[in-house]
Amino acid sequence: MYRYKQLISPKLSLRDYNAQVGEALAGVKAMNKVIGLGMPIRKQAA
């Protein structure tokens, strides 16, 4: 949650609980995609 708050937003903007859950899941999915893009691609040595 610390990393999420640092990168996305310190607080959730929606009021409804279910909407907050969706907002958090969308933020985590976006954050994981960005982190995955920065990972090096590892290839097997032949």
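This report concerns the structure included in the present document. (Residues numbered from 1 in each chain as written. Predicted model: local features only at pLDDT ≥ 70, side-chain atom pairs only at ≥ 80, totals over all residues. Heavy atoms only, no water.)

1. Digging into the overall build of the chain
Then, number 1: A tally of regular secondary structure across the chain gives 2 helices and 0 strands.
Then, number 2: Referenced to the eigenvectors of the C-alpha coordinate spread, the extents of the chain come out at roughly 55 × 20 × 10 Å.
Then, number 3: Counting every position in the chain, which comprises 46 residues, the buried fraction comes to 11%. (Helix = DSSP H or I, 4+ residues; strand = E, 2+ residues; numbered from the N terminus. Buried < 20%, exposed > 50% of the residue type's maximum accessible area, 1.4 Å probe, protein only.)

2. Some points on the environment of Ser 13
Then, number 1: Summarising the element assignment, Ser 13 is placed in the loop between helix H1 (2-7) and helix H2 (17-38).
Then, number 2: Between the C-alpha atoms of Ser 13 and Glu 23, which are 10 residues apart in sequence, the distance is 8.4 Å.
Then, number 3: For Ser 13, the side chain forms a polar contact with the side chain of Glu 23, separated by 3.1 Å. (Polar contact = N/O pair within 3.5 Å; in protein donor to acceptor, adjacent residues only side chain to side chain.)

3. Let's talk about H2
Then, number 1: Compared with an ideal rise of 1.5 Å per residue, which puts 22 residues at 32 Å, H2 spans 32 Å between its outermost C-alpha atoms and is within 8% of the ideal.
Then, number 2: Buried residues of H2: Glu 23, Ala 24, Gly 27 and Met 31, and no others. Along the long axis of H2, the arc covered by the buried residues comes to 95 degrees, so they all point the same way. Projecting away from the buried face of H2 at angles above 90 degrees are the exposed residues Asn 18, Leu 25, Lys 29, Lys 33 and Leu 37. (Expected span 1.5 Å × (residues − 1). Arc of directions from axis to C-beta.)

4. Here's the deal with a nonpolar patch on the surface
Then, number 1: A cluster of nonpolar side chains, contributed by Tyr 17, Val 21 and Leu 25, occupies part of the molecular surface with about 330 Å² of accessible area.
Then, number 2: Mapped onto the fold, Val 21 is located in helix H2. (Patch = residues over 30% accessible without salt bridge, like charges linked within 9 Å, V, L, I, M, F, W, Y side chains within 5 Å. Areas by Shrake-Rupley, 256 points an atom, 1.4 Å probe, with all protein chains shown as cover. Salt bridge = Lys/Arg side-chain N within 4 Å of Asp/Glu carboxyl O.)

5. Quick word on the environment of Gly 38
Then, number 1: By the secondary structure assignment, Gly 38 is in helix H2.
Then, number 2: Judged by its relative accessible area of 63%, Gly 38 is exposed.
Then, number 3: When the C-alpha atoms of Gly 38 and Met 1 are compared, they prove to be 20 Å apart, with 37 residues separating the residues in sequence.

Functional significance is not addressed by these values, which are geometric in nature.
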